[in-house]
Amino acid sequence: MRLTLISSKYRFLTTLQKTFPLSLGLLTIFVITSSNGFAQKASPPPSTATTASGISLDTAWKVRLYEFAKLNVVHPSWGLAHAERNFHLTMDLAKRQHVEVDEDVLFAASFLHDLGGLKNFAKEGVDHAIRSAEISEAILKSQGFPTAKFPDVREMILSHVYYGPASASPVAALFREADILDFLGAIGIARLFAVTLEAGAETSLRDIVKTLTSFAKTFSTQIQSSAGQELARQRTHELNEFLRQLKSESMEGKAL
Ligand SMILES: [Fe+2]
Ligand SMILES: [Fe+2]
């Protein structure tokens, strides 16, 4: 529409040039300026709002979902910051693996995939991924999410767990890898220690070390993509280095 209007103005200018050549300069400036003015009115300026880590909040439903997540996706290990990391890490892996990402789907899955495991949303006896998928549809619908995309969000949420099989969907498989990678490296260590901050958690340093040792041995085997494997190697090395240091500073682990 906009292009048609502008090209008809240039046809008008060409005709006018033959009749009044001297007036063309000023008239050209006027018409081009008015064309640009039209373009600016037709396209609202892009939103500059972002999440804390810089994810674009370029639609009203994303703003609403982020506000919801700030209030409800609250946990030292599986909270808002984990959601933001999963989004960025999936984007990074997808770029390196040349996998196309629907950012709407990834945004929704990132902020809701662990909701079903959190207080106020969990259901006893129901796996947190199943519970998250179960409650996400109504939440997203009320926020104006494009509902035709929900099946892809559901797939991403259901298949994100390390103890389940990877999805056949390339982007959902990378989202699962991002979720696994967040258990490794410095961030994995920080998250596991943060769990001890939960009210009622009775976890000793020795238990944490046992869990971290198991992460270092087994989690990287869950990663299939070459980009994910490269990150898993780096993060497993960080984790093993931390465990080695911790052992040497605690009388070979006897004083933990
Ligand atoms: Fe999870
Ligand atoms: Fe997660």
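Residues numbered from 1 in each chain as written. Chains lettered and ligands numbered in written order. Predicted model: local features only at pLDDT ≥ 70, side-chain atom pairs only at ≥ 80, totals over all residues.

Draft legend 1. The overall build of the protein chain, seen in detail. Looking only at helices and strands, the protein chain has 11 helices and zero strands in total. Ordered by position from N to C terminus, the α and β elements of the protein chain give α-α-α-α-α-α-α-α-α-α-α. Buried positions account for 29% of the 256 residues belonging to the protein chain. Contacts spanning at least 24 positions in sequence make up 61% of the contacts within the protein chain whose residues lie at least 6 apart. (Helix = DSSP H or I, 4+ residues; strand = E, 2+ residues; numbered from the N terminus. Buried ≥ 20, exposed ≤ 12 C-beta atoms within 10 Å, placed from the backbone. Contact = placed C-beta atoms within 7 Å.)

Draft legend 2. A look at the packing of helix α4 (residues 80–97) against helix α8 (residues 170–181). At a minimum axis distance of 8 Å, the contact between α4 and α8 shows a crossing angle of 125°. With respect to α8, the axis of α4 lies oblique. Both α4 and α8 take part in a crossing whose hand is right-handed. In this structure, α4 contributes N86, L89, T90, L93, A94 and Q97 to the contact, and α8 contributes V171, L174, F175, E177, A178, D179 and L181. Of the residues belonging to the contact of α4 with α8, the class tally is eight nonpolar, three polar and two charged. (Axes fitted to C-alpha atoms, helices over the stretch in contact; angles between N-to-C directions. Parallel < 35°, antiparallel > 145°, perpendicular 65-115°, else oblique. Left-handed = near helix turned anticlockwise from the far one by under 90°. Nonpolar A, V, L, I, M, F, W, Y, C, P; charged D, E, K, R; others polar.)

Draft legend 3. Molecular detail of α8. If you check α8, its first and last C-alpha atoms are 16 Å apart, about what 12 residues at 1.5 Å a residue would give, namely 16 Å. Most of α8 is tucked away: 11 of the 12 residues are buried. Within the span of α8, buried status applies to V171, A172, A173, L174, F175, R176, E177, A178, D179, I180 and L181. The inward-facing, buried residues of α8 abut α4, α5 (103–112), α7 (150–158) and α11 (226–248). (Expected span 1.5 Å × (residues − 1).)

Draft legend 4. Representation of unusual backbone geometry in the model. You will see that N120, though not glycine, has its phi angle at about 80°, which is positive. Mapped onto the elements of the fold, N120 is located in the loop between α5 and α6 (128–143). For M251, which is not glycine, the phi torsion reads 50° and is therefore positive.

Draft legend 5. Representation of helix α9 (residues 185–195) in the model. Those residues of α9 that sit buried are G185, G188, I189 and R191. Each buried residue of α9 sits inside an arc of 165° when the element is viewed along its axis, so together they form one side. Residues A186 and A190 are exposed on α9 and point more than 90 degrees away from its buried face. Those residues of α9 hidden inside the fold are in contact with α10 (205–218) and α11. (Arc of directions from axis to C-beta.)

Draft legend 6. Molecular detail of the confidence of the model for the protein chain. Of the residues in the protein chain, 79% reach a pLDDT of 70 or more, and the chain-wide mean stands at 84. Confidence over residues 1–41 falls short of pLDDT 50; this stretch has 13 contacts with residues more than four positions distant or in other chains. (pLDDT = per-residue confidence, 0-100.)

Draft legend 7. Representation of the environment of A166 within the structure. You can see A166 is positioned in the loop between α7 and α8. Overall, the presence of 20 C-beta atoms within 10 Å leaves A166 in the buried class. Setting aside chain neighbours within four positions, we find A166 in contact with S159, A173, R176 and Q224.

Draft legend 8. Structural detail: the environment of D102. Its place among the elements puts D102 in the loop between α4 and α5. On the basis of neighbour count, D102 is assigned to the partly exposed category, with 15 C-beta atoms found within 10 Å. With residues up to four places along the chain from it excluded, the contact list for D102 reads K149 and D152.

Draft legend 9. Geometry of the environment of P146. Tracing the chain through its elements places P146 in the loop between α6 and α7. Judged by the 13 C-beta atoms lying within 10 Å of it, P146 is partly exposed. Residues P146 and D104, spaced 42 residues apart in sequence, show a C-alpha to C-alpha distance of 8.5 Å.

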